Amino acid sequence: MPAAVRSYALLARFDRPIGWWLLFWPCAFGVALAGGLPERWDLLLWLLLGAIAMRGAGCVYNDIIDRDLDARVARTATRPIASGAVSRRAATLWMLALCLVGLLTLWQLPPLAQLVALASLVPVALYPFMKRITWWPQAWLGLVFSWGAMVGWFAIAGGGGMTLVWLYLGTIAWVVGYDTIYALQDVEDDALVGIRSSARALGGQVRGGVGLCYAAALGCWALALWQVRPDPLVLIALLPAAIQLTGQLVTLDPESGDDALAKFRSNRFAGLLIFAAMLVVGRSA
């Protein structure tokens, strides 16, 4: 890309698709478990577009708020706003342009799902401040990144219920687990500048903490599947995802930033396996 365009692409993290995959998968979980596939495959494409645009807008907003902190952390000091490559005004205009793309997805949803999607703007706006006031900003990110499960579910089912509750809670636990792994990359720099994270809070118990998150996620998802079809066989659908998440945990090296990043990125595949479980059970109900 030309240099002028490249800075904006980097600002929206278009070079790191793992973020929008992780934002998209919960949307797909909701659509699949509600029984919307394959009939509403087009909705998945709209939700994917929305995930790409709104993840980009969220990154821009986060970088505007965190520009001073980013400049003091080695991994983030080269980000376009922190480094001065993009001004705050230009970044704000870019964020608004991405939000307009997100509106295209919003218009494809039924009214109730639209309201649910719009309600996510409040926790999204508050997220950048969580690392300043709590040791568990990953828990807030879980609320935000799991929101799509509710949007996808309401777009198909039109109502809530315990299935959605367990689906949402399980996805939150999954997000807290994988983002704690992600935070391992910055533990030393975060300690120097005073940024809080679950990785710092857990210290030497980080593997156990992530293990509890993943176990809670699998348990909640199992309850969600059971609500749709109370048959012991449906639990087998989660077995591939359980194996993948366990593999992350067993082989995790908390002292290696490169390994932490690799394990974090592997959740794109974990999301696919979870989606497959939701699809199988949602179609069989």
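Residues numbered from 1 in each chain as written. Predicted model: local features only at pLDDT ≥ 70, side-chain atom pairs only at ≥ 80, totals over all residues. Heavy atoms only, no water.

*Asks:* Mind showing me how you'd approach the overall build of the protein chain here?
*Replies:* The helix and strand inventory of the protein chain stands at 17 helices and zero strands. For the protein chain, whose C-alpha radius of gyration is 19 Å, the value lies close to the compact-globule estimate of 19 Å for 285 residues. Here the protein chain holds 285 residues, and the buried ones make up 50% of them. If you take every contact in the protein chain between residues at least 6 apart in sequence, the share linking residues at least 24 apart comes to 77%. Split by element, the accessible area of the protein chain, about 12,700 Å² in all, is 68% carbon and sulfur. Distance between charge centroids for the protein chain: 5 Å, based on 21 positive and 17 negative side chains. (Helix = DSSP H or I, 4+ residues; strand = E, 2+ residues; numbered from the N terminus. Rg over C-alpha atoms; globule rule 2.2 N^0.38 Å. Buried < 20%, exposed > 50% of the residue type's maximum accessible area, 1.4 Å probe, protein only. Contact = heavy atoms within 4.5 Å. Areas by Shrake-Rupley, 256 points an atom, 1.4 Å probe, with all protein chains shown as cover. Lys, Arg positive; Asp, Glu negative; His and termini not counted. Charge placed at Lys NZ, Arg CZ, Asp CG, Glu CD.)

*Asks:* For this particular structure, what's the right way to read the packing of aromatic side chains?
*Replies:* What describes a pair of aromatic rings is the distance from one ring centre to the other and the angle between the planes of the rings. Counting across every chain of the model gives 14 aromatic pairs. Here the aromatic rings of Trp 174 and Trp 221 are separated by 6.0 Å at their centres, their planes lie at 65°, and the arrangement is edge-to-face. A residue pair is termed long-range when its members are at least 10 positions apart, and Trp 174 in helix 11 (residues 162–183) and Trp 221 in helix 14 (residues 206–228) qualify at 47 residues. Grouping residues by exposure puts Trp 174 and Trp 221 together as buried. Cluster of aromatic residues (ring-pair linked, three or more members): Phe 29, Trp 174, Tyr 178, Tyr 182, Trp 221 and Phe 264. (Phe/Tyr/Trp six-rings, centres within 6.5 Å; stacked < 30°, edge-to-face > 60°.)

*Asks:* Even after reading the chapter, I still don't get the nonpolar core, so can you show me in this structure?
*Replies:* The nonpolar side chains of soluble globular proteins are, as a tendency, buried together. One finds Phe 29, Leu 109, Leu 167, Trp 174, Trp 221 and Met 278 to be the most contacted residues of the largest nonpolar core, which totals 73 residues. Element by element, the count of residues in this core is highest for helix 11, at 12 residues. If we ignore the near neighbours within four places in the chain, the residues touching Leu 167 are Phe 29, Gly 30, Leu 33, Ala 149, Trp 221, Ala 224 and Met 278. (Core = buried A, V, L, I, M, F, W, Y, C linked by side-chain atoms within 4.5 Å.)

*Asks:* Can you help me understand helix 6 (residues 88–106) in this one?
*Replies:* For an α-helix, 3.6 residues make a turn, and residues three or four places apart therefore share a direction. Its 19 residues place the ends of helix 6 27 Å apart at the C-alpha level, agreeing with the 27 Å of an ideal helix rising 1.5 Å per residue. Those residues of helix 6 that sit buried are Ala 90, Ala 91, Met 95, Leu 98, Gly 102, Thr 105 and Leu 106. On its buried face, helix 6 is in contact with helix 1 (3–11), helix 3 (41–65), helix 5 (80–83) and helix 7 (111–119). (Expected span 1.5 Å × (residues − 1).)

*Asks:* Is there a simple way to explain the packing of helix 2 (residues 18–33) against helix 11 in this structure?
*Replies:* Each pair of packed helices can be summarised by the angle the axes make with each other and by the distance between the axes. In the contact formed by helix 2 and helix 11, the axes pass within 11 Å of each other and the chain directions differ by 160°. Relative to helix 11, the element helix 2 is oriented roughly antiparallel. For the pair helix 2 and helix 11, the crossing hand works out as right-handed. Between helix 2 and helix 11, the residues in contact are Leu 22, Pro 26, Phe 29, Gly 30 and Leu 33 and Thr 163, Leu 167, Thr 171, Trp 174 and Tyr 178, respectively. (Axes fitted to C-alpha atoms, helices over the stretch in contact; angles between N-to-C directions. Parallel < 35°, antiparallel > 145°, perpendicular 65-115°, else oblique. Left-handed = near helix turned anticlockwise from the far one by under 90°.)

*Asks:* Quick question: what am I supposed to make of the environment of Arg 132 here?
*Replies:* Here Arg 132 lies in helix 8 (residues 121–133). Residue class for Arg 132 comes out partly exposed when judged on its relative accessible area of 34%. Spatially, the C-alpha atom of Arg 132 lies 6.5 Å from that of Arg 196, the residues being 64 residues apart in sequence. Excluding anything up to four places from it in sequence, Arg 132 contacts Ile 65, Asp 66, Leu 69 and Arg 196. Within the local environment of Arg 132, its side chain forms a polar contact with the side chain of Asp 66, the two groups lying 3.1 Å apart. (Polar contact = N/O pair within 3.5 Å; in protein donor to acceptor, adjacent residues only side chain to side chain.)

*Asks:* Honestly, a nonpolar patch on the surface in this entry has me stumped. Any pointers?
*Replies:* A contiguous nonpolar patch, built from Met 54, Leu 112, Leu 115, Leu 118 and Leu 121 and spanning about 440 Å² of accessible area, is present on the exposed surface. The element best represented in the nonpolar patch is helix 7, accounting for three residues. Its location among the elements puts Leu 112 in helix 7. In this structure Leu 112 comes out as partly exposed when scored by relative accessible area, which is 38%. (Patch = residues over 30% accessible without salt bridge, like charges linked within 9 Å, V, L, I, M, F, W, Y side chains within 5 Å. Salt bridge = Lys/Arg side-chain N within 4 Å of Asp/Glu carboxyl O.)

*Asks:* What's the story with the environment of Gly 161 in this structure? I'm lost.
*Replies:* Tracing the backbone shows Gly 161 in the loop between helix 10 (147–157) and helix 11. The exposure class assigned to Gly 161 is partly exposed, which follows from its relative accessible area of 43%. The spacing of Gly 161 and Ala 57 is 104 residues in sequence and 31 Å in space, taken between C-alpha atoms.

*Asks:* Where do I start with the environment of Trp 153 in this structure?
*Replies:* Take Trp 153: it is sitting in helix 10. Taking C-alpha positions, Trp 153 is 9.6 Å from Leu 167, a pair spaced 14 residues apart along the chain. Once you skip the residues sitting within four places of it in the chain, Trp 153 turns out to touch Gly 30, Val 31, Leu 33, Ala 34, Gly 158, Gly 159, Gly 160, Thr 163 and Leu 164.

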